[in-house]
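Residue-level structure breakdown
Chain residues, written in single-letter form:
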Amino acid sequence: MAAISLQTETMAEEVKLFGTWASVFSRRIEVALKLKGVQFEYIEENLSNKSPALLKYNPVHKKIPVLVHNGKPVAESLVILEYIDETWKHNPILPTDPYEKAMARFWAKYIDDKLLPAAIKVAMSKGEEQKGVIEEIQKQLKTLESELKEKKFFGGESLGFVDIAANTIVWLVVAQEALGMEILTEEKFPVLHGWYQRLVDDAVFKECMPPREQHLSFVKVRFGSSTPSK
Amino acid sequence: MADEIILLDFWPSMFGMKVRIALAEKGLKYEYRDEDLFNKGPLLLEMNPIHKKIPVLIHNGKPICESQIIVQYIDEVWKDKSPLLPSDPYHRAQARFWADYIDKKLHLLGQRLWRTKGEEQEANKEYIECLKLLEGELGDKPYFGGENFGFVDVNLMPYFSWLYVFEIAANFSIEAECPKLITWAKRCMEKESVSTSLPDRQKLYDFFLQLKKWHGIE
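Everything numeric here is computed off the predicted structure, so don't read it as measured data. (Residues numbered from 1 in each chain as written. Chains lettered and ligands numbered in written order. Predicted model: local features only at pLDDT ≥ 70, side-chain atom pairs only at ≥ 80, totals over all residues. Heavy atoms only, no water.)

Residue and element names in this part refer to chain B. Pairing is mixed in the open sheet, where four strands are placed in the order β2-β1-β3-β4. Edge positions in the sheet fall to β2 (31–34) and β4 (62–65), since each has one partner strand and no second. Across the sheet, the mean angle from the axis of one strand to that of its neighbour is 20 degrees, orientation sign disregarded. Here four bridges tie strand β1 (residues 5–9) to β2, and the two strands are oriented parallel to one another. Each bridged residue has a counterpart across the sheet, and for leucine 7 the counterpart in β2 is tyrosine 32. Each of β1, β2 and β3 (56–59) touches helix α1 (residues 14–25); the most contacted strand, β1, lies at about 155 degrees to it. (Pairing = 2+ DSSP bridges. Helix = DSSP H or I, 4+ residues; strand = E, 2+ residues; numbered from the N terminus. Axes fitted to C-alpha atoms, helices over the stretch in contact; angles between N-to-C directions. Contact = heavy atoms within 4.5 Å.)

Once that is clear, we can look at the nonpolar core. Among the nonpolar cores identified, the biggest contains 150 residues, and Ile169 of chain A together with Trp184 of chain B are the most heavily contacted of them. Considering every element that reaches this core, the biggest residue donor is helix α5 (residues 98–124) of chain A, with 14 residues. Discounting chain neighbours no more than four positions away, the residues touching tryptophan 184 of chain B are Leu138, Pro142, Tyr143, Phe144, Asp153, Leu156, Met157 and Phe160 of chain B. By size, the runner-up hydrophobic cluster in this structure holds seven residues, among which are Phe18, Tyr57, Ile64 and Val66 of chain A. (Core = buried A, V, L, I, M, F, W, Y, C linked by side-chain atoms within 4.5 Å. Buried < 20%, exposed > 50% of the residue type's maximum accessible area, 1.4 Å probe, protein only.)

With that out of the way, let us pick up the confidence of the model for chain A. For residues with low pLDDT, the predicted coordinates do not support detailed interpretation. A residue-level look at chain A finds 92% of positions with pLDDT of 70 or above and a mean pLDDT of 93. In the model, residues 1–10 of chain A has pLDDT below 50 throughout and makes one contact with residues more than four positions away in sequence or in other chains. (pLDDT = per-residue confidence, 0-100.)

Residue and element names in this part refer to chain A. Taken together, the four strands give an open sheet; going across it, the order is β2-β1-β3-β4, and neighbouring strands pair in mixed fashion. A single partner strand is all that each edge strand has here, and the edge strands are β2 (41–44) and β4 (72–75). Each neighbouring strand pair of the sheet contributes to a mean axis angle of 20 degrees, computed without reference to strand direction. Across four bridges, the pairing between strand β3 (residues 66–69) and β4 is antiparallel. Along β4, the bridge assignment pairs leucine 67 with valine 74. Seen against the sheet, helix α2 (residues 24–35) touches β1 (15–19), β2 and β3 and runs at an angle of roughly 155 degrees to β1.

Time to look at the pattern of salt bridges. One pass over the structure, following the stated rule, counts 24 salt bridges over all chains. One salt bridge connects arginine 96 of chain B with glutamate 86 of chain A, and the closest N-O pair in it is separated by 3.1 Å. Taken together, the residues span two chains, with arginine 96 of chain B in helix α4 (residues 89–115) and glutamate 86 of chain A in helix α4 (residues 77–87). The class of arginine 96 of chain B is buried, set by a relative accessible area of 4%. Residue classification places glutamate 86 of chain A among the buried residues on the basis of a relative accessible area of 16%. (Salt bridge = Lys/Arg side-chain N within 4 Å of Asp/Glu carboxyl O.)

Attention now goes to the pairing of β3 of chain B. All names here are of chain B. What you see with β3 is no split at all: Val56 and Ile58 on one side and Leu57 and His59 on the other are buried throughout. In terms of strand pairing, β1 meets β3 through four bridges, oriented antiparallel. Note on β3: the bridge partner recorded for isoleucine 6 is isoleucine 58. Pairing between β3 and β4: four bridges, direction antiparallel. Looking at the pairing, histidine 59 lines up with lysine 62 of β4.

This is the structure we're talking about:
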């Protein structure tokens, strides 16, 4: 009986996610939905040939990810994460205390405003310029490491908002391997490295990671014309 | 125990204005401190060591940075008065989306209006298109928040205090292009929380002339 009523509930709820397999942003949404046990339909977009549905659901930016819940679209990954957390209230990813919540939002914004652009820049640059960006990223990683401190995850005992946003670091590690750079190492960042291992070993998170070999090739093809700096 | 609220700010800052408006909407008493951005004080550097930027809200000794984060914090702590974000998650998401759009798109385009030489026509056009999109979102509502002044209104009003400056500097007017937004801005200015939080236009324009000099622009 319980199984049938559950089914009725999920039938009334239609959740779609428009994304791309290698997008750090759409993978965040997959993690959040899976953490909450929300069933959803995933639609893989071809960004050089965007579907009419995507253009209809995100006319302003025409970008993925877009979450469509019962026909209503939500765009921008951090906005979507908050929407998910407020709609499906179990397994919260944001703290309830307003100050702690403000801190979580601050760090997620830090990752998106500072780390992410730097990670893209490091993949696109060469030689001396690349060395400079690597140093910049390492400073940012140090900052994040000092925020993590002794915690298992940024969210505490389990994955939270900041950990999900920090999937950016997984993309950085893939880039460093694909392009022969040395940025996040266990020696330089013992605390962050420990967190990274826990993140990629987490049952839900690892299900949402792009397949490694494909991801490495993707990065090599996209950015690989630069010679690695050693 | 009375709340101790300090706002580290810089009077022409659009980001600071958002926080001032939010604090005024909630009827909160606070200490306003204007920072010298060329000579940042020790409190600012201590409270925002990462970005060293204003605005910073210090609530009972604890700092909160980034204007949108501060406004949401204020809304969540003092939730019983003048709620800025709606209660429904979907409408909250829409409000956050538009606030993000304003901070990213409008802000960037606003800077291009006076910082780039030779691209003025293009910059003006894009800026107006951006405003028209926002005007479309406003529709026939009195405020972006609906019947009540809300989160998106708080985020957009500061740009209107600068719009006067941009219109003179970039030689264009939005009156004909976005009449609904002009009406909306006037309606917002009738609110004491808004009019007391935004700087005097002439003072802002004089500041802008200084700013151009610092950036080496004629």
